[in-house]
Amino acid sequence: MGVPEGSAGAATLRYEGTDIELPVERPTLGRSAVDISGIGAHGLAVYDPGYANTAAYQSAITFVDGEAGRLYYRGYPVEQLAMSASFLDVAYLLIYGELPGSQQSEEFVAQVRAPKAVPHVAIERLFDWFPESMHPMAMLATATEALTAYAEEDSAADPGAKVEAAGVRLLSALPIFTGYAMSVVRGLPRGRSNRSLDYAEDLLQLCFTIPGSDHLPDNATARALNTLLILHADHELNCSTATLRLVASSGASFYSGVSAAINALWGPLHGGANQAVIRMLQEIKDSGKPLSYFLERARDKMDPFRLMGFGHRVYKNYDARAKVIRQVALDLVEKLAPADPLLEIALRLEEVALADEYFISRRLYPNVDFYSGIIYRAIGFPDEMFTPLFVVGRSAGWVAHWLEMATEGSRIGRPTQLYVGPVERSVPKAATTA
Ligand code: CMC
């Protein structure tokens, strides 16, 4: 896996009269990359703020074609998977490289849905301690970190087997953590996992079923959530996955890496954008101001306001995931919350932004977070639960990336810097005698 197609020739860098030959690697898809790993010997480094053009790993998991607005998991277009597969089959695909056959699928589901995978009592005690004011993302990160205490699989000798066992436990635990976080947010008793339901159904009933009632989630809602989990399952080296890989490279524990990734995902420029979008749409509605006022603010470099849910580092076209999510939002909202005024505002905002010169020239389109919150809201989730739902989906990709590193091996991640501080100087005498 991850083996470059071969050399695409070489690039020559001329510096201080010397020609430095740099090999160019050609991937199976995407931009060729100049291999600068030998550049240090010439006293040089590469300056690339935000790692926008830095390929730090080879990976065979996911490919984002930003120009075309396409996303592929192990070569399969994501929209095909989103419409036909179950989330756990897609998780299997990401982790093991192929879609499971029916027996493999059954075995994988049985492992993930095994009741003993999660140490309920200890984890419940942890959630007892969490105050309502704590953000659910912090709850998920803390509970995931706590799994290190119960990870007997960490003692497995084979690095791949170790990650597989930990990954199964993570996939098993996250719907429960999300349900528990929801109970803290709502101040209601905790639900119990119902292992006879499928993954998305159980996630829904954990979040919404009042203990003692036999209410089960309806099919359309569970299908929509399954689609959202698939669309969020992986997105190559985004901020949280890059964080996870950096932690993995130091040899730290899997759950610590996932906990770090959850925290990275929380930020409003990353996964936290789904919550920020709804807050922005609400602000627009409450203000009574025209959309042109907000577009003007988004264009103004002196104003920190940005159009949340718009723009992407890689997509310079309509985000493949956003297209599917927009349609799911239209279908589900009509069924569950036909009068949601925020959907109307979102649709109009998209229309005016896509016709605006600022957004056109910068190729800014709606991303995965623009419409997902509308769906979660229609289902009944409070906005602080949106990013935890992103975590549940993305966990599949995190397991796949950790496994890829564990089986391929890697060097410790350690970017360099352009130091711009003071040169060496002596501490003044007065300071040393104080
Ligand atoms: N509103 C207004 N202007 C924007 C926006 C936006 N949402 N996004 C980018 N721009 C402008 C930016 O100011 C810059 O303008 P100029 O060239 O005049 O300086 C230009 O477009 C390029 O943007 P950038 O900030 O250099 O792009 P980036 O790749 O560093 O950042 C981003 C990507 C996603 C952080 C950014 O587009 C953004 O802040 N979007 C809003 C937050 C958001 O929706 N995040 C979710 C991302 S997708 C899911 C995920 O990652 O979890």
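Whatever comes next refers back to the structure up there.
As a starting point, this report considers the structure included with it.

What counts, and where the lines are drawn
- Residues numbered from 1 in each chain as written.
- Predicted model: local features only at pLDDT ≥ 70, side-chain atom pairs only at ≥ 80, totals over all residues.
- Heavy atoms only, no water.
- Helix = DSSP H or I, 4+ residues; strand = E, 2+ residues; numbered from the N terminus.
- Contact = heavy atoms within 4.5 Å.
- Phe/Tyr/Trp six-rings, centres within 6.5 Å; stacked < 30°, edge-to-face > 60°.
- Buried < 20%, exposed > 50% of the residue type's maximum accessible area, 1.4 Å probe, protein only.
- Lys NZ or Arg CZ within 6 Å of the ring centre and 35° of its normal.
- Axes fitted to C-alpha atoms, helices over the stretch in contact; angles between N-to-C directions.
- Parallel < 35°, antiparallel > 145°, perpendicular 65-115°, else oblique.
- Left-handed = near helix turned anticlockwise from the far one by under 90°.
- Nonpolar A, V, L, I, M, F, W, Y, C, P; charged D, E, K, R; others polar.
- Expected span 1.5 Å × (residues − 1).
- Pairing = 2+ DSSP bridges.
- Near = heavy atom within 4 Å.
- Polar contact = N/O pair within 3.5 Å; in protein donor to acceptor, adjacent residues only side chain to side chain.
- Areas by Shrake-Rupley, 256 points an atom, 1.4 Å probe, with all protein chains shown as cover.
- Salt bridge = Lys/Arg side-chain N within 4 Å of Asp/Glu carboxyl O.

### Some points on the environment of Ala 85
For Ala 85, the location among the structural elements is in the loop between helix H1 (78-84) and helix H2 (87-96). Considered as a pair, Ala 85 and Thr 227 are 142 residues apart in the sequence and their alpha carbons are 8.4 Å apart. Discounting residues that sit within four places of it in the chain, Ala 85 has contacts with Val 90, Asn 226 and Ile 230.

### Structural notes on the packing of aromatic side chains
Counting across every chain of the model gives 20 aromatic pairs. Seen from their ring centres, Tyr 318 and Tyr 365 are 6.3 Å apart, and the 50 degrees between their planes marks the pair as tilted. A residue pair is termed long-range when its members are at least 10 positions apart, and Tyr 318 in the loop between helix H12 (291-299) and helix H13 (320-336) and Tyr 365 in the loop between helix H15 (357-361) and helix H16 (369-379) qualify at 47 residues. Here Tyr 358 and Phe 359 contribute two aromatic rings whose centre-to-centre distance is 5.1 Å and whose plane-to-plane angle is 70 degrees, an arrangement assigned as edge-to-face. Both residues of the pair, Tyr 358 and Phe 359, count as buried. An aromatic cluster is present here, built from Phe 127, Trp 129, Phe 130, Phe 177 and Tyr 180 joined pairwise through their rings. Above the ring of Tyr 180, the side-chain terminus of Arg 190 is found at 5.3 Å from the ring centroid. When the ring centre of Tyr 57 is taken as reference, the NZ or CZ atom of Arg 245 above it lies at 4.6 Å.

### Section: the packing of H13 against H16
Following both chains from N to C, one finds H13 and H16 inclined at 25 degrees, their axes separated by 9 Å at the closest point. Considering their axes alone, H13 and H16 lie roughly parallel with respect to each other. Between H13 and H16 lies a crossing whose hand is left-handed. Here Ile 325, Arg 326, Val 328, Ala 329, Leu 332, Val 333 and Leu 336 of H13 lie close against H16, whose contacting residues are Tyr 371, Ser 372, Ile 374, Ile 375, Ala 378 and Ile 379. Of the residues contributing to the contact of H13 with H16, the split by class is 11 nonpolar, one polar and one charged.

### A few points about helix H10 (residues 254-266)
For H10, spanning 13 residues, the distance from its first C-alpha to its last is 19 Å, which sits close to the expected 18 Å at 1.5 Å a residue. Burial analysis of H10 places 10 of its 13 residues in the buried class, the great majority of the element. The secondary structure elements touched by the buried residues of H10 are helix H5 (136-146), helix H6 (159-186), helix H9 (239-249) and helix H17 (386-408).

### Quick look at the side chain of Ser 395
Counting through the fold element by element, Ser 395 comes out in helix H17. Here Ser 395 is in contact with Leu 170, Leu 171 and Leu 174, once residues within four sequence places are set aside.

### Examining the sheet that holds strand S4 (residues 62-65)
What the three strands build is an open sheet, ordered S4-S5-S6; its pairing is antiparallel. Each edge of the open sheet is held by one strand with a lone partner, namely S4 and strand S6 (76-77). With two bridges joining them, strand S5 (residues 70-73) and S6 adopt antiparallel strand pairing. The residue of S6 that forms the bridge with Tyr 72 is Pro 77.

### Quick word on the site of the ligand
Taken together, 22 residues sit near the ligand, with His 270, Arg 306, Leu 307, Gly 309 and Arg 313 positioned nearest. In this structure, Gly 309 approaches the ligand through a main-chain N or O atom, which is 2.8 Å from an oxygen atom. Between the ligand and Arg 313 there is a distance of 2.7 Å, counted from an oxygen atom to a side-chain nitrogen or oxygen. Summarising the interface, the protein chains cover 75% of the accessible area of the ligand, which totals 920 Å² for the free molecule.

### Here we look at the pattern of salt bridges
Across all of its chains, the model carries 17 salt bridges by this definition. Here Arg 297 ties to Asp 303 by a salt bridge, and the two come within 2.7 Å at their closest N and O atoms. Between Asp 340 and Arg 377 there is a salt bridge, with the nearest N and O atoms lying 2.9 Å from each other. Placement of Asp 340 in the loop between H13 and helix H14 (341-354) and of Arg 377 in helix H16 is noted, with a sequence separation of 37 residues between them. Classification of Asp 340 by relative accessible area gives buried; the value is 8%. Among the ionic contacts, a cluster of salt bridges with common partners joins Glu 124, Asp 128, Arg 190 and Arg 192.

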